[in-house]
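Each chain is listed here by its residues.
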Amino acid sequence: MSTAPAAVRFAPSPTGLLHVGNLRLAVVNWLYARRTGGSFLLRLDDTDEERSRPEYAAAIEADLTWMGLTWDRFARESDRYDRYDAVAAQLKAAGRLYPCYETPEELALKRTSLMSQGRPPIYDRAALRLSDDARAKLEAQGRRPHWRFKLDHTPVEWTDLVRGAVHFEGAALSDPVLIREDGRPLYTLTSVVDDADFAISHVIRGEDHVANTAVQIQIWQALGAAVPTFAHLPLLTDAGGQGLSKRLGSVGVNSLRDEGIEPLALASLLAKLGTSDPIEARPSLEALAAEFDFAKVSRATPKFDPEELVRLNARVLHATPFDAVAGRLEAMGFAGADRIFWETVRPNLSRLDGVAEWWEVTHAPVTPVIEDAAFTAAAAALLPPEPWDEGTWGAWTAAVKNATGAKGKALFLPLRLALTARGHGPELKNLLPLIGRERAVKRLAGETA
Ligand code: GLU
(Lines give C-alpha, C1' and ligand atoms only; values in the text may rest on other atoms or scores of the structure.)
Protein backbone atom coordinates (compact mmCIF):
# COMPACT_ATOMS: atom_id res chain seq x y z
CA MET A 1 0.00 0.00 0.00
CA SER A 2 1.09 3.55 -0.63
CA THR A 3 2.60 5.12 2.45
CA ALA A 4 2.69 8.74 1.31
CA PRO A 5 1.55 10.86 4.29
CA ALA A 6 -2.24 11.11 4.08
CA ALA A 7 -4.24 14.13 5.17
CA VAL A 8 -7.56 12.80 6.42
CA ARG A 9 -10.53 14.16 8.28
CA PHE A 10 -13.35 12.96 10.47
CA ALA A 11 -16.34 15.21 9.92
CA PRO A 12 -19.20 14.48 12.30
CA SER A 13 -22.31 16.63 12.41
CA PRO A 14 -22.85 17.67 16.03
CA THR A 15 -26.55 16.82 15.82
CA GLY A 16 -26.30 13.86 18.17
CA LEU A 17 -23.93 11.66 20.12
CA LEU A 18 -21.43 9.33 18.49
CA HIS A 19 -22.33 5.69 18.10
CA VAL A 20 -19.96 2.86 17.27
CA GLY A 21 -20.68 3.26 13.55
CA ASN A 22 -19.54 6.90 13.46
CA LEU A 23 -16.66 6.08 15.75
CA ARG A 24 -15.45 3.35 13.41
CA LEU A 25 -14.96 5.98 10.71
CA ALA A 26 -13.00 8.14 13.15
CA VAL A 27 -10.84 5.15 14.09
CA VAL A 28 -10.14 4.19 10.48
CA ASN A 29 -9.29 7.77 9.51
CA TRP A 30 -6.99 8.12 12.49
CA LEU A 31 -5.25 4.80 11.89
CA TYR A 32 -4.68 5.64 8.27
CA ALA A 33 -3.21 9.01 9.20
CA ARG A 34 -0.83 7.37 11.68
CA ARG A 35 -0.04 4.47 9.37
CA THR A 36 1.13 6.89 6.71
CA GLY A 37 2.68 9.48 9.04
CA GLY A 38 0.02 11.93 7.90
CA SER A 39 -2.44 14.21 9.70
CA PHE A 40 -5.93 13.91 11.15
CA LEU A 41 -8.38 16.82 11.03
CA LEU A 42 -11.45 16.93 13.24
CA ARG A 43 -14.08 18.97 11.44
CA LEU A 44 -17.45 19.74 12.91
CA ASP A 45 -20.06 19.88 10.14
CA ASP A 46 -22.30 22.26 12.02
CA THR A 47 -23.99 24.31 9.30
CA ASP A 48 -27.33 22.73 10.12
CA GLU A 49 -28.01 25.31 12.79
CA GLU A 50 -31.43 23.98 13.71
CA ARG A 51 -30.05 20.59 14.72
CA SER A 52 -26.44 21.27 15.74
CA ARG A 53 -25.77 21.74 19.45
CA PRO A 54 -22.59 22.82 21.26
CA GLU A 55 -23.16 20.11 23.85
CA TYR A 56 -23.07 17.44 21.12
CA ALA A 57 -19.86 18.97 19.76
CA ALA A 58 -18.37 18.85 23.26
CA ALA A 59 -19.49 15.24 23.71
CA ILE A 60 -17.94 14.21 20.38
CA GLU A 61 -14.65 15.82 21.35
CA ALA A 62 -14.78 14.13 24.76
CA ASP A 63 -15.47 10.72 23.19
CA LEU A 64 -12.57 11.05 20.73
CA THR A 65 -10.25 12.22 23.49
CA TRP A 66 -11.26 9.28 25.68
CA MET A 67 -10.48 6.96 22.76
CA GLY A 68 -7.04 8.56 22.33
CA LEU A 69 -7.97 9.75 18.83
CA THR A 70 -6.19 13.08 19.08
CA TRP A 71 -6.48 15.50 16.21
CA ASP A 72 -3.68 17.44 14.55
CA ARG A 73 -6.04 20.06 13.11
CA PHE A 74 -9.49 21.29 14.05
CA ALA A 75 -12.15 23.18 12.09
CA ARG A 76 -15.73 24.20 12.57
CA GLU A 77 -17.80 24.88 9.46
CA SER A 78 -19.84 27.60 11.16
CA ASP A 79 -16.58 29.65 11.34
CA ARG A 80 -16.26 29.56 7.57
CA TYR A 81 -19.44 31.07 6.12
CA ASP A 82 -17.49 33.91 4.46
CA ARG A 83 -15.39 31.39 2.63
CA TYR A 84 -18.44 29.43 1.41
CA ASP A 85 -20.06 32.68 0.24
CA ALA A 86 -16.95 33.51 -1.75
CA VAL A 87 -16.91 30.07 -3.37
CA ALA A 88 -20.64 30.30 -4.16
CA ALA A 89 -20.00 33.65 -5.86
CA GLN A 90 -17.19 32.06 -7.87
CA LEU A 91 -19.46 29.19 -8.99
CA LYS A 92 -22.26 31.60 -9.91
CA ALA A 93 -19.84 33.66 -11.98
CA ALA A 94 -18.75 30.50 -13.76
CA GLY A 95 -22.37 29.62 -14.54
CA ARG A 96 -22.24 26.46 -12.40
CA LEU A 97 -24.72 27.60 -9.75
CA TYR A 98 -28.23 28.53 -10.85
CA PRO A 99 -31.25 29.86 -8.97
CA CYS A 100 -34.33 27.64 -8.58
CA TYR A 101 -37.72 28.69 -7.26
CA GLU A 102 -39.65 25.47 -6.86
CA THR A 103 -41.26 24.93 -3.49
CA PRO A 104 -40.70 21.60 -1.71
CA GLU A 105 -44.29 20.67 -2.65
CA GLU A 106 -43.69 21.39 -6.34
CA LEU A 107 -40.51 19.30 -6.26
CA ALA A 108 -42.28 16.43 -4.54
CA LEU A 109 -44.97 16.53 -7.21
CA LYS A 110 -42.38 16.40 -9.99
CA ARG A 111 -40.70 13.43 -8.36
CA THR A 112 -43.94 11.50 -7.95
CA SER A 113 -44.95 12.16 -11.50
CA LEU A 114 -41.58 10.98 -12.89
CA MET A 115 -41.63 7.88 -10.75
CA SER A 116 -45.18 7.02 -11.76
CA GLN A 117 -43.92 7.02 -15.35
CA GLY A 118 -41.18 4.63 -14.29
CA ARG A 119 -38.52 7.29 -14.71
CA PRO A 120 -35.77 8.17 -12.24
CA PRO A 121 -36.62 11.24 -10.12
CA ILE A 122 -33.94 13.49 -11.60
CA TYR A 123 -34.46 17.24 -11.37
CA ASP A 124 -35.62 18.48 -14.78
CA ARG A 125 -33.66 21.77 -14.74
CA ALA A 126 -36.85 23.72 -15.37
CA ALA A 127 -35.28 26.64 -13.47
CA LEU A 128 -32.54 26.90 -16.09
CA ARG A 129 -35.17 27.65 -18.70
CA LEU A 130 -36.85 30.46 -16.79
CA SER A 131 -36.78 33.78 -18.62
CA ASP A 132 -35.51 36.90 -16.86
CA ASP A 133 -39.11 38.09 -16.74
CA ALA A 134 -40.38 34.92 -15.15
CA ARG A 135 -37.63 35.10 -12.56
CA ALA A 136 -38.37 38.74 -11.80
CA LYS A 137 -42.03 37.88 -11.37
CA LEU A 138 -41.26 35.11 -8.89
CA GLU A 139 -38.95 37.42 -6.97
CA ALA A 140 -41.69 40.07 -6.92
CA GLN A 141 -44.00 37.48 -5.36
CA GLY A 142 -41.48 37.19 -2.56
CA ARG A 143 -39.98 33.87 -3.64
CA ARG A 144 -36.33 33.42 -2.74
CA PRO A 145 -34.20 31.03 -4.76
CA HIS A 146 -32.25 28.04 -3.64
CA TRP A 147 -29.21 27.32 -5.81
CA ARG A 148 -28.32 24.18 -7.68
CA PHE A 149 -24.97 23.08 -9.05
CA LYS A 150 -25.10 22.40 -12.77
CA LEU A 151 -23.56 18.99 -13.26
CA ASP A 152 -21.68 18.09 -16.41
CA HIS A 153 -23.50 15.27 -18.14
CA THR A 154 -20.34 13.23 -18.45
CA PRO A 155 -19.27 10.03 -16.69
CA VAL A 156 -17.83 10.36 -13.19
CA GLU A 157 -15.33 7.71 -12.23
CA TRP A 158 -13.00 6.97 -9.37
CA THR A 159 -11.06 4.07 -7.92
CA ASP A 160 -12.35 3.57 -4.41
CA LEU A 161 -9.94 2.06 -1.88
CA VAL A 162 -12.76 -0.20 -0.66
CA ARG A 163 -15.18 -0.50 -3.59
CA GLY A 164 -12.73 -0.54 -6.46
CA ALA A 165 -13.80 1.06 -9.76
CA VAL A 166 -16.92 3.20 -9.33
CA HIS A 167 -18.81 4.70 -12.23
CA PHE A 168 -21.69 7.19 -12.34
CA GLU A 169 -23.30 8.92 -15.30
CA GLY A 170 -23.55 12.66 -14.66
CA ALA A 171 -26.81 12.68 -16.61
CA ALA A 172 -28.32 10.18 -14.17
CA LEU A 173 -27.82 12.53 -11.22
CA SER A 174 -29.91 15.47 -10.04
CA ASP A 175 -28.19 18.82 -9.91
CA PRO A 176 -27.57 19.10 -6.16
CA VAL A 177 -28.85 22.04 -4.12
CA LEU A 178 -25.80 23.78 -2.63
CA ILE A 179 -27.39 26.92 -1.19
CA ARG A 180 -30.67 27.00 0.68
CA GLU A 181 -33.38 29.57 0.21
CA ASP A 182 -32.16 31.43 3.31
CA GLY A 183 -28.66 31.69 1.82
CA ARG A 184 -27.10 28.99 3.99
CA PRO A 185 -24.65 26.65 2.21
CA LEU A 186 -25.33 22.93 2.42
CA TYR A 187 -23.04 20.02 3.28
CA THR A 188 -22.52 19.00 -0.37
CA LEU A 189 -20.71 22.29 -0.94
CA THR A 190 -19.13 23.03 2.43
CA SER A 191 -17.54 19.62 2.68
CA VAL A 192 -15.79 20.02 -0.68
CA VAL A 193 -14.63 23.55 0.07
CA ASP A 194 -13.13 22.39 3.36
CA ASP A 195 -11.59 19.25 1.94
CA ALA A 196 -9.99 21.38 -0.78
CA ASP A 197 -8.84 24.19 1.56
CA PHE A 198 -7.39 21.74 4.08
CA ALA A 199 -5.73 19.78 1.26
CA ILE A 200 -7.40 16.53 2.33
CA SER A 201 -5.78 13.73 0.35
CA HIS A 202 -8.10 10.87 1.41
CA VAL A 203 -11.81 11.11 2.08
CA ILE A 204 -12.68 8.08 4.20
CA ARG A 205 -16.39 7.88 5.02
CA GLY A 206 -19.48 5.72 5.02
CA GLU A 207 -20.91 4.19 1.87
CA ASP A 208 -24.05 6.29 2.41
CA HIS A 209 -21.97 9.04 0.77
CA VAL A 210 -21.12 7.27 -2.49
CA ALA A 211 -23.69 9.22 -4.51
CA ASN A 212 -22.54 12.46 -2.87
CA THR A 213 -19.03 11.68 -4.01
CA ALA A 214 -20.17 11.48 -7.61
CA VAL A 215 -21.52 15.04 -7.55
CA GLN A 216 -18.83 16.35 -5.24
CA ILE A 217 -16.08 15.23 -7.62
CA GLN A 218 -17.55 17.62 -10.17
CA ILE A 219 -17.55 20.41 -7.58
CA TRP A 220 -13.86 19.80 -6.83
CA GLN A 221 -13.20 20.00 -10.53
CA ALA A 222 -15.26 23.19 -10.88
CA LEU A 223 -13.17 24.74 -8.10
CA GLY A 224 -9.98 23.72 -9.86
CA ALA A 225 -8.99 21.70 -6.77
CA ALA A 226 -7.27 18.31 -6.69
CA VAL A 227 -9.81 15.50 -6.31
CA PRO A 228 -8.84 13.36 -3.29
CA THR A 229 -8.74 9.57 -3.08
CA PHE A 230 -11.90 7.98 -1.67
CA ALA A 231 -12.63 5.07 0.60
CA HIS A 232 -16.30 4.32 1.31
CA LEU A 233 -16.76 1.83 4.11
CA PRO A 234 -19.88 -0.28 4.48
CA LEU A 235 -21.95 0.89 7.43
CA LEU A 236 -21.95 -1.10 10.63
CA THR A 237 -25.18 -2.78 11.63
CA ASP A 238 -26.28 -4.19 14.96
CA ALA A 239 -26.05 -7.92 15.60
CA GLY A 240 -29.48 -8.39 13.98
CA GLY A 241 -28.41 -6.59 10.80
CA GLN A 242 -30.32 -3.37 11.56
CA GLY A 243 -28.74 0.02 10.94
CA LEU A 244 -27.40 1.87 13.96
CA SER A 245 -29.69 4.79 14.54
CA LYS A 246 -29.08 7.98 16.40
CA ARG A 247 -31.28 6.61 19.15
CA LEU A 248 -28.18 5.18 20.62
CA GLY A 249 -28.79 2.96 23.59
CA SER A 250 -26.21 0.22 23.80
CA VAL A 251 -24.29 1.37 20.72
CA GLY A 252 -23.61 4.90 22.00
CA VAL A 253 -19.97 5.55 22.76
CA ASN A 254 -20.95 7.27 26.01
CA SER A 255 -22.91 4.28 27.27
CA LEU A 256 -20.10 1.88 26.41
CA ARG A 257 -17.73 4.06 28.41
CA ASP A 258 -20.18 4.09 31.33
CA GLU A 259 -20.40 0.30 31.12
CA GLY A 260 -16.67 0.05 31.69
CA ILE A 261 -15.52 -0.65 28.15
CA GLU A 262 -11.84 0.13 27.67
CA PRO A 263 -11.05 2.48 24.76
CA LEU A 264 -8.47 0.05 23.43
CA ALA A 265 -11.02 -2.77 23.35
CA LEU A 266 -13.36 -0.60 21.33
CA ALA A 267 -10.55 0.58 19.05
CA SER A 268 -9.36 -3.00 18.50
CA LEU A 269 -12.85 -4.14 17.58
CA LEU A 270 -13.58 -1.20 15.29
CA ALA A 271 -10.18 -1.44 13.60
CA LYS A 272 -10.50 -5.15 12.88
CA LEU A 273 -14.23 -5.48 12.21
CA GLY A 274 -14.97 -5.91 8.52
CA THR A 275 -11.32 -6.67 7.69
CA SER A 276 -9.55 -9.91 6.86
CA ASP A 277 -7.57 -9.71 10.13
CA PRO A 278 -8.76 -11.73 13.12
CA ILE A 279 -10.57 -9.65 15.73
CA GLU A 280 -8.06 -9.49 18.53
CA ALA A 281 -7.05 -6.97 21.15
CA ARG A 282 -3.93 -4.97 20.42
CA PRO A 283 -1.71 -3.24 22.96
CA SER A 284 -2.01 0.26 21.49
CA LEU A 285 -3.53 2.42 18.79
CA GLU A 286 -0.06 2.53 17.22
CA ALA A 287 -0.05 -1.27 16.94
CA LEU A 288 -3.46 -1.12 15.25
CA ALA A 289 -2.20 1.58 12.91
CA ALA A 290 0.81 -0.49 11.90
CA GLU A 291 -1.53 -3.30 10.80
CA PHE A 292 -4.11 -1.16 9.04
CA ASP A 293 -4.43 -1.55 5.29
CA PHE A 294 -7.39 -0.79 3.01
CA ALA A 295 -6.56 -3.94 1.06
CA LYS A 296 -7.86 -5.86 4.10
CA VAL A 297 -11.17 -3.97 4.32
CA SER A 298 -14.12 -5.96 3.06
CA ARG A 299 -17.17 -4.68 1.19
CA ALA A 300 -19.45 -6.87 3.26
CA THR A 301 -21.56 -5.29 5.98
CA PRO A 302 -19.86 -5.69 9.36
CA LYS A 303 -21.99 -6.46 12.39
CA PHE A 304 -21.34 -4.94 15.78
CA ASP A 305 -21.50 -7.66 18.40
CA PRO A 306 -21.48 -6.36 22.00
CA GLU A 307 -20.36 -9.76 23.28
CA GLU A 308 -17.26 -9.61 21.15
CA LEU A 309 -16.53 -6.24 22.70
CA VAL A 310 -16.87 -7.62 26.22
CA ARG A 311 -14.49 -10.45 25.31
CA LEU A 312 -11.93 -7.98 23.96
CA ASN A 313 -12.40 -5.81 27.01
CA ALA A 314 -11.30 -8.65 29.25
CA ARG A 315 -8.30 -9.32 27.00
CA VAL A 316 -7.26 -5.70 27.09
CA LEU A 317 -7.48 -5.58 30.89
CA HIS A 318 -5.51 -8.80 31.26
CA ALA A 319 -2.69 -7.25 29.27
CA THR A 320 -2.80 -3.78 30.80
CA PRO A 321 0.40 -2.93 32.70
CA PHE A 322 0.12 -1.44 36.19
CA ASP A 323 1.58 1.91 35.13
CA ALA A 324 -1.22 2.36 32.61
CA VAL A 325 -3.91 1.86 35.20
CA ALA A 326 -2.38 3.16 38.45
CA GLY A 327 -3.96 6.61 38.20
CA ARG A 328 -7.39 5.18 37.49
CA LEU A 329 -7.17 2.76 40.43
CA GLU A 330 -6.27 5.64 42.69
CA ALA A 331 -9.15 7.74 41.36
CA MET A 332 -11.49 4.81 42.02
CA GLY A 333 -10.45 4.89 45.69
CA PHE A 334 -8.01 1.96 45.69
CA ALA A 335 -5.19 4.14 46.90
CA GLY A 336 -2.92 1.33 48.07
CA ALA A 337 -3.30 -0.78 44.95
CA ASP A 338 0.19 -1.68 43.74
CA ARG A 339 1.69 -3.62 40.89
CA ILE A 340 1.46 -6.96 42.70
CA PHE A 341 -2.22 -6.43 43.52
CA TRP A 342 -2.96 -5.43 39.93
CA GLU A 343 -1.13 -8.36 38.39
CA THR A 344 -2.87 -10.71 40.81
CA VAL A 345 -6.41 -9.59 40.04
CA ARG A 346 -6.32 -8.52 36.39
CA PRO A 347 -6.68 -12.05 34.93
CA ASN A 348 -10.11 -12.16 36.61
CA LEU A 349 -11.42 -8.86 35.30
CA SER A 350 -13.78 -8.27 32.43
CA ARG A 351 -14.35 -4.65 33.51
CA LEU A 352 -12.04 -2.46 35.53
CA ASP A 353 -14.64 -1.91 38.26
CA GLY A 354 -14.40 -5.65 38.95
CA VAL A 355 -11.28 -4.66 40.92
CA ALA A 356 -13.58 -3.66 43.79
CA GLU A 357 -14.45 -7.29 44.52
CA TRP A 358 -10.81 -8.36 44.88
CA TRP A 359 -9.89 -5.22 46.75
CA GLU A 360 -12.51 -6.20 49.27
CA VAL A 361 -11.20 -9.77 49.49
CA THR A 362 -7.66 -8.52 50.20
CA HIS A 363 -8.35 -5.32 52.14
CA ALA A 364 -11.74 -5.55 53.85
CA PRO A 365 -13.58 -7.88 56.19
CA VAL A 366 -14.96 -10.94 54.43
CA THR A 367 -17.32 -13.51 55.93
CA PRO A 368 -15.77 -16.84 55.03
CA VAL A 369 -17.60 -19.89 53.73
CA ILE A 370 -16.61 -22.86 55.88
CA GLU A 371 -17.61 -26.35 54.79
CA ASP A 372 -15.51 -28.41 57.19
CA ALA A 373 -14.41 -26.47 60.26
CA ALA A 374 -12.05 -29.18 61.46
CA PHE A 375 -10.26 -29.18 58.12
CA THR A 376 -9.83 -25.40 57.95
CA ALA A 377 -8.74 -25.28 61.60
CA ALA A 378 -6.08 -27.91 60.87
CA ALA A 379 -4.96 -25.90 57.85
CA ALA A 380 -4.80 -22.67 59.91
CA ALA A 381 -2.51 -24.33 62.40
CA LEU A 382 -0.06 -25.08 59.58
CA LEU A 383 0.16 -21.52 58.20
CA PRO A 384 3.84 -20.51 58.17
CA PRO A 385 4.96 -17.26 59.78
CA GLU A 386 5.23 -14.14 57.61
CA PRO A 387 6.87 -12.77 55.49
CA TRP A 388 4.87 -14.45 52.74
CA ASP A 389 5.56 -14.59 49.07
CA GLU A 390 4.20 -16.55 46.12
CA GLY A 391 5.96 -19.68 47.34
CA THR A 392 3.97 -19.68 50.60
CA TRP A 393 0.80 -21.16 49.17
CA GLY A 394 2.60 -24.16 47.68
CA ALA A 395 4.54 -24.92 50.85
CA TRP A 396 1.47 -24.48 53.04
CA THR A 397 -0.91 -26.61 50.96
CA ALA A 398 1.75 -29.36 50.73
CA ALA A 399 1.85 -29.40 54.53
CA VAL A 400 -1.98 -29.45 54.72
CA LYS A 401 -2.08 -32.30 52.23
CA ASN A 402 0.44 -34.27 54.31
CA ALA A 403 -1.42 -33.69 57.52
CA THR A 404 -4.97 -34.29 56.26
CA GLY A 405 -4.60 -36.50 53.19
CA ALA A 406 -6.81 -34.09 51.21
CA LYS A 407 -5.76 -33.41 47.65
CA GLY A 408 -6.88 -31.70 44.46
CA LYS A 409 -10.20 -29.92 44.61
CA ALA A 410 -10.95 -31.33 48.11
CA LEU A 411 -7.79 -29.60 49.31
CA PHE A 412 -7.98 -26.30 47.42
CA LEU A 413 -11.68 -25.45 47.27
CA PRO A 414 -12.38 -25.39 51.04
CA LEU A 415 -9.32 -23.18 51.49
CA ARG A 416 -10.42 -20.83 48.74
CA LEU A 417 -13.97 -20.62 50.15
CA ALA A 418 -12.65 -19.90 53.62
CA LEU A 419 -10.08 -17.33 52.52
CA THR A 420 -12.16 -15.48 49.91
CA ALA A 421 -15.79 -16.59 50.40
CA ARG A 422 -15.85 -17.42 46.69
CA GLY A 423 -15.39 -20.54 44.64
CA HIS A 424 -13.45 -18.75 41.88
CA GLY A 425 -10.91 -16.00 41.69
CA PRO A 426 -7.29 -15.04 41.14
CA GLU A 427 -4.57 -17.57 41.86
CA LEU A 428 -4.25 -18.13 45.58
CA LYS A 429 -0.47 -18.18 45.47
CA ASN A 430 -0.71 -14.48 44.59
CA LEU A 431 -3.80 -13.69 46.64
CA LEU A 432 -2.64 -15.26 49.91
CA PRO A 433 0.22 -12.80 50.63
CA LEU A 434 -2.18 -9.91 49.89
CA ILE A 435 -4.73 -11.28 52.37
CA GLY A 436 -1.99 -11.64 55.00
CA ARG A 437 -1.60 -13.98 57.92
CA GLU A 438 -3.79 -12.15 60.41
CA ARG A 439 -6.89 -12.20 58.18
CA ALA A 440 -6.14 -15.69 56.88
CA VAL A 441 -6.03 -17.21 60.38
CA LYS A 442 -9.34 -15.60 61.32
CA ARG A 443 -11.10 -16.51 58.09
CA LEU A 444 -9.97 -20.11 58.38
CA ALA A 445 -11.49 -20.08 61.87
CA GLY A 446 -14.80 -18.90 60.41
CA GLU A 447 -14.51 -15.32 61.62
CA THR A 448 -15.42 -12.28 59.53
CA ALA A 449 -12.07 -10.59 59.01
N1 GLU B 1 -21.04 15.38 8.30
C2 GLU B 1 -21.09 14.29 7.36
C3 GLU B 1 -21.68 13.07 8.06
O4 GLU B 1 -21.62 13.00 9.26
C5 GLU B 1 -19.70 14.04 6.87
C6 GLU B 1 -19.61 13.09 5.75
C7 GLU B 1 -18.24 13.14 5.16
O8 GLU B 1 -17.36 12.51 5.74
O9 GLU B 1 -18.03 13.83 4.18
O10 GLU B 1 -22.21 12.21 7.40
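Residues numbered from 1 in each chain as written. Predicted model: local features only at pLDDT ≥ 70, side-chain atom pairs only at ≥ 80, totals over all residues. Heavy atoms only, no water.

J.: Before we move on, can you summarise the sheet that holds strand E8 (residues 177-179) with the specific residues and values?
T.: Taken together, the three strands give an open sheet; going across it, the order is E4-E5-E8, and neighbouring strands pair in antiparallel fashion. At either end of the open sheet lies a strand with only one pairing partner, and these are strand E4 (97-100) and E8. When strand polarity is set aside, the average angle formed by the axes of neighbouring strands in this sheet is 45°. Where E4 and strand E5 (residues 146-149) come together, four bridges link them in antiparallel fashion. Bridged to Cys100 within E5 is His146. (Pairing = 2+ DSSP bridges. Helix = DSSP H or I, 4+ residues; strand = E, 2+ residues; numbered from the N terminus. Axes fitted to C-alpha atoms, helices over the stretch in contact; angles between N-to-C directions.)

J.: For the packing of helix H15 (residues 373-381) against helix H17 (residues 409-420), give the residues involved together with the corresponding values.
T.: It is the contact of H15 with H17, at a shortest axis distance of 10 Å, that shows an interaxial angle of 85°. By the angle between their directions, the pair H15 and H17 is classed as roughly perpendicular. On the side of H15, the interface is formed by Phe375, Thr376 and Ala379, while H17 contributes Ala410, Leu411, Pro414, Leu415 and Ala418. In the contact of H15 with H17, the residues fall into seven nonpolar, one polar and no charged. (Parallel < 35°, antiparallel > 145°, perpendicular 65-115°, else oblique. Contact = heavy atoms within 4.5 Å. Nonpolar A, V, L, I, M, F, W, Y, C, P; charged D, E, K, R; others polar.)

J.: Any chance you could break down the site of the ligand for me, citing the residues and the numbers?
T.: Arg9, Ala11, Ser13, Asp45, Tyr187, Ser191, Arg205 and His209 make up every residue found near the ligand. Within the contact set of the ligand, an oxygen atom lies 2.7 Å away from a side-chain nitrogen or oxygen of Arg9. Residue Ser13 places a side-chain N or O atom 3.0 Å away from a nitrogen atom belonging to the ligand. With the chains in place, 79% of the 290 Å² that the ligand exposes on its own is no longer accessible. The residue makeup of the shell around the ligand, split by class, is two nonpolar, three polar and three charged. (Near = heavy atom within 4 Å. Polar contact = N/O pair within 3.5 Å; in protein donor to acceptor, adjacent residues only side chain to side chain. Areas by Shrake-Rupley, 256 points an atom, 1.4 Å probe, with all protein chains shown as cover.)

J.: A description of the packing of aromatic side chains should follow, citing residues and the corresponding values.
T.: Tallied over the entire structure, the rule returns eleven aromatic pairs. Ring geometry for Trp220 versus Phe230: centroids 5.6 Å apart, planes at 75°, classification edge-to-face. Of this pair, Trp220 sits in helix H7 (residues 210-222) while Phe230 sits in strand E10 (residues 229-233), and the two are ten residues apart along the sequence. Phe230 shares its class with Trp220; the two are buried. Aromatic pair Phe334 and Trp359: ring centres 5.4 Å apart, planes at 50°, arrangement tilted. Of the two residues, Phe334 is situated in the loop between helix H12 (322-331) and helix H13 (339-345) and Trp359 in helix H14 (residues 355-363); the sequence distance between them amounts to 25 residues. (Phe/Tyr/Trp six-rings, centres within 6.5 Å; stacked < 30°, edge-to-face > 60°. Buried < 20%, exposed > 50% of the residue type's maximum accessible area, 1.4 Å probe, protein only.)

J.: Go over the side chain of Asp45, please, and point to the residues and values.
T.: Tracing the backbone shows Asp45 in the loop between strand E2 (39-44) and helix H2 (54-67). In this structure the side chain of Asp45 is engaged in a polar contact, spanning 2.7 Å, whose partner is the side chain of Arg43.

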